[in-house]
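What follows is the residue order along each chain.
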Amino acid sequence: MLTDLTPQPPDKILRLMAMFRDDPRTDKIDLGVGVYKNAEGVTPVMRAVKAAERRLAEAQETKAYTNLSGDPAFCRAMRDLLLKDSVGEERVAIAATPGGTGAIRQGLELMRYADLAATAWFSSPTWPNHLTIARYLGVPMREYRYFDNATRDVEFDGMIEDLKGASSGDLVVLHGCCHNPTGANLTADQWETLAELLTKTGAIPFIDIAYQGFGDGLDEDAFGTRLLASQMPEMLIAASCSKNFGVYRERTGVLIAIAPDACSKPRVQDTLAFLNRQNFSFPPDHGARVVQMILDDPDLRADWQAELEDVRNGMLGLREQLASELRMRSNSERFDFITRHRGMFSRIGATPEQVLELRERHGIYMVGDSRINVAGLNSDTVPVLAQAIIDVGI
Ligand code: LMR
């Protein structure tokens, strides 16, 4: 059995992490994997997380199993954070999952379990793991246009045109905010148009929201999610706490399934629990417990929000600085899209050869499609990147 296994193609993002680690140059710059770093290049444990962990260590009396769907208080806190009052709780089924990736996986499992013939639609481009998970599960897949390489903005007309082809019951995977890998996002009007189209076709939105609070703010980043939740009869949401709580390795996330009515919710909730049981049984609890403590404690929550705001504003500042350095060096405004993009990422539009040259000649690491992690920069490295971008002729 094991000798017959075919070699796995390396995950592009994780391979880049290893290459960076092995590069002996001391002035190398890591703009690869989507992990927040402060100006010192450190991914800190957030203050509120440290405080909650200390309290938890004192207060927790048992590590016995929780629920198959995770700690109910965590699920409720996440529902409020994501959805506020956009949809009645009597329609919202929710299960904790191992991170946002676990939620994506469980969402696709749910779709396959419910309807083998349904197709999952993904933006072109999207986070590569979306595609590999769907392929692995044997889910029928289609792509819709999303990113305009010339303007580096959303190609909205093409997106709508393509999504007119989605059938009732198909799943349309959307990035709730801070699109990964491009950084280009829908406007409020575009979300409205999309909601109308989905209502017409009967396709079901599946929102992946992994960066709430990294774009324009916690509520602003949930705008599209809440709008769809208030209008769609059915909807799935995969949410991650990895980034906005900085609990990457704790694997903390939720899958939400909005049922068409209160009557069908218990069946949906039971199915989420069943699917958890089949894949990993009980979801991880430590990160979930910490997140719930922060969200439910006014002081911890205020401190978390303040730190998250600093993180968000830091990234916006780096975007402004990078665009301004590039304006100066290129004598043009052609890189101003960097200030319109939101979240950790921007796709800067380099060719694979230019990406390679940036890595080999300048020690600057980015994903092959020229996605940069803005949080990998600091005010000293921004001018270095700007000069290198000009040097390689982007
Ligand atoms: C990324 O896109 O870099 C992050 O979501 C980390 C990952 O697991 O790929």
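Everything numeric here is computed off the predicted structure, so don't read it as measured data. (Residues numbered from 1 in each chain as written. Predicted model: local features only at pLDDT ≥ 70, side-chain atom pairs only at ≥ 80, totals over all residues. Heavy atoms only, no water.)

Undergrad: Give me the domain arrangement of the protein: which residues, what numbers.
TA: Split into domains, the protein comes out as domain 1 (11-44 + 313-391) and domain 2 (65-296). A straight line from the C-alpha centre of domain 1 to that of domain 2 covers 28 Å. Roughly 1600 Å² of surface becomes buried between domain 1 and domain 2 when both sides are summed, with 54% attributable to carbon and sulfur atoms. Broken down residue by residue, the surface that domain 1 buries against domain 2 is led by Arg342, Phe345 and Arg347, which jointly contribute 35%. Taken together, the links from domain 1 to domain 2 amount to two salt bridges. (Domains from an automatic or database assignment. Buried area = accessible area lost by both parts, 1.4 Å probe. Salt bridge = Lys/Arg side-chain N within 4 Å of Asp/Glu carboxyl O.)

Undergrad: An account of a nonpolar patch on the surface is requested, with residue identities and associated values reported.
TA: A surface patch of nonpolar side chains, amounting to about 420 Å² of accessible area, comprises Met1, Leu2 and Leu5. Structurally, Leu5 can be placed in the segment before helix H1 (12-22). Residue Leu5 is classed as exposed on the basis of its relative accessible area, which comes to 59%. (Patch = residues over 30% accessible without salt bridge, like charges linked within 9 Å, V, L, I, M, F, W, Y side chains within 5 Å. Areas by Shrake-Rupley, 256 points an atom, 1.4 Å probe, with all protein chains shown as cover. Helix = DSSP H or I, 4+ residues; strand = E, 2+ residues; numbered from the N terminus. Buried < 20%, exposed > 50% of the residue type's maximum accessible area, 1.4 Å probe, protein only.)

Undergrad: An account of the nonpolar core is requested, with residue identities and associated values reported.
TA: Met78, Met159, Leu174 and Trp304 are the most contacted members of the largest nonpolar core, which has 81 residues in total. Take this core: its biggest share by element is seven residues, from helix H3 (residues 72-83). Here this core spans two domains, since at least three of its residues come from each of domain 1 (11-44 + 313-391) and domain 2 (65-296). Beyond its immediate chain neighbours, meaning those up to four positions away, Leu174 contacts Tyr144, Met159, Trp191, Leu194, Leu198, Pro205, Phe206, Ile207, Asp208 and Leu228. (Core = buried A, V, L, I, M, F, W, Y, C linked by side-chain atoms within 4.5 Å. Contact = heavy atoms within 4.5 Å.)

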